[in-house]
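Structural features, examined
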Amino acid sequence: LRAPYATTIDVNGQRYHLAIDVRTTLLDALRDHIGLTGSKKGCDHGQCGACTVMVNGRRVLSCLTLVATLEGRNVTTIEGLSQADGTLHPMQQAFIDHDAFQCGYCTPGQIVSAVACVKEGHAETDADIREYMSGNLCRCAAYPNIVDAIKQAKTKMKEA
Ligand code: FES
């Protein structure tokens, strides 16, 4: 067994001190050490997008990101999108409004990815949205509803 590696990680505006194996991924740290289980483990090797979070505003696959690379960076997970009073992020609300999920397993990753997609300016057309959301797989094939949700949220995010 390796000695635990001591590090700090900032998630959703809160600092966590961890003593973990140096090989621990961000996804495992979030789920198993911090208790934020919104980010989902689908494939655990970068193919499905269920684990998507943002690091300094850019989307990353947390299953392929080592905690050891994150000192001084800010991680945002699905839990960090809503406001303190429980008001949902426009993207979360839009996914509900448009029934943009069935089983819901991919949904946290879809929503985080969709927020980043809008912020990157890659949500101007349906084709753009499909292209830039193509790293997030949905086994229930809710794709048309996801595109509609992103279009609704894009307008609300611009107003905000
Ligand atoms: Fe990370 Fe599938 S769990 S991409």
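Residues numbered from 1 in each chain as written. Predicted model: local features only at pLDDT ≥ 70, side-chain atom pairs only at ≥ 80, totals over all residues. Heavy atoms only, no water.

**Looking at the overall build of the protein chain**
Per the secondary structure count, the protein chain includes five helices and five strands. Counting from the amino terminus, helix and strand elements in the protein chain follow one another as β-β-α-β-β-β-α-α-α-α. Taking 2.2 N^0.38 as the reference for a compact globule, 160 residues should give roughly 15 Å; the C-alpha atoms of the protein chain span a radius of gyration of 16 Å, in line with that estimate. The dimensions of the protein chain, computed from C-alpha atoms along their principal axes, are 50 × 30 × 25 Å. In the protein chain, the share of contacts with a sequence separation of at least 24, taken over all contacts with a separation of at least 6, comes to 55%. Surface exposure of the protein chain reaches about 8500 Å², of which carbon and sulfur atoms provide 49%. Positive and negative side-chain charges in the protein chain, numbering 16 and 17 respectively, have mean positions lying 3 Å apart. (Helix = DSSP H or I, 4+ residues; strand = E, 2+ residues; numbered from the N terminus. Rg over C-alpha atoms; globule rule 2.2 N^0.38 Å. Contact = heavy atoms within 4.5 Å. Areas by Shrake-Rupley, 256 points an atom, 1.4 Å probe, with all protein chains shown as cover. Lys, Arg positive; Asp, Glu negative; His and termini not counted. Charge placed at Lys NZ, Arg CZ, Asp CG, Glu CD.)

**Notes on the environment of Tyr132**
Structurally, Tyr132 can be placed in helix H4 (residues 126–132). C-alpha separation for the pair Tyr132 and Ala116, spaced 16 residues apart in sequence, amounts to 9.7 Å.

**Things to note about the domain arrangement of the protein chain**
Here the protein chain is partitioned into domain 1 (5–80) and domain 2 (90–159). Computed over C-alpha atoms, the centres of domain 1 and domain 2 are 21 Å apart. Contact residues are listed per partner, giving 14 residues for domain 1 and 16 residues for domain 2. Together, the buried faces of domain 1 and domain 2 total about 1200 Å²; carbon and sulfur atoms form 58% of this surface. Sorting the residues of domain 1 by area buried against domain 2 places Met54, Arg59 and Ile78 first, and these three jointly supply 49% of that buried surface. Along the contact surface separating domain 1 from domain 2 lie one salt bridge. Across the pair Arg59 and Glu120 runs a salt bridge, and its minimum N-O distance is 2.9 Å. Applying the counting criterion to the domain 1 and domain 2 interface returns seven residue pairs in polar contact (both at pLDDT 80 or more). Per-element tally for the side of domain 1 that touches domain 2: the top contributor is strand E3 (residues 52–55), with three residues. Its residues assigned to classes, the side of domain 1 that touches domain 2 comprises five nonpolar, six polar and three charged. (Domains from an automatic or database assignment. Buried area = accessible area lost by both parts, 1.4 Å probe. Salt bridge = Lys/Arg side-chain N within 4 Å of Asp/Glu carboxyl O. Polar contact = N/O pair within 3.5 Å; in protein donor to acceptor, adjacent residues only side chain to side chain. Nonpolar A, V, L, I, M, F, W, Y, C, P; charged D, E, K, R; others polar.)

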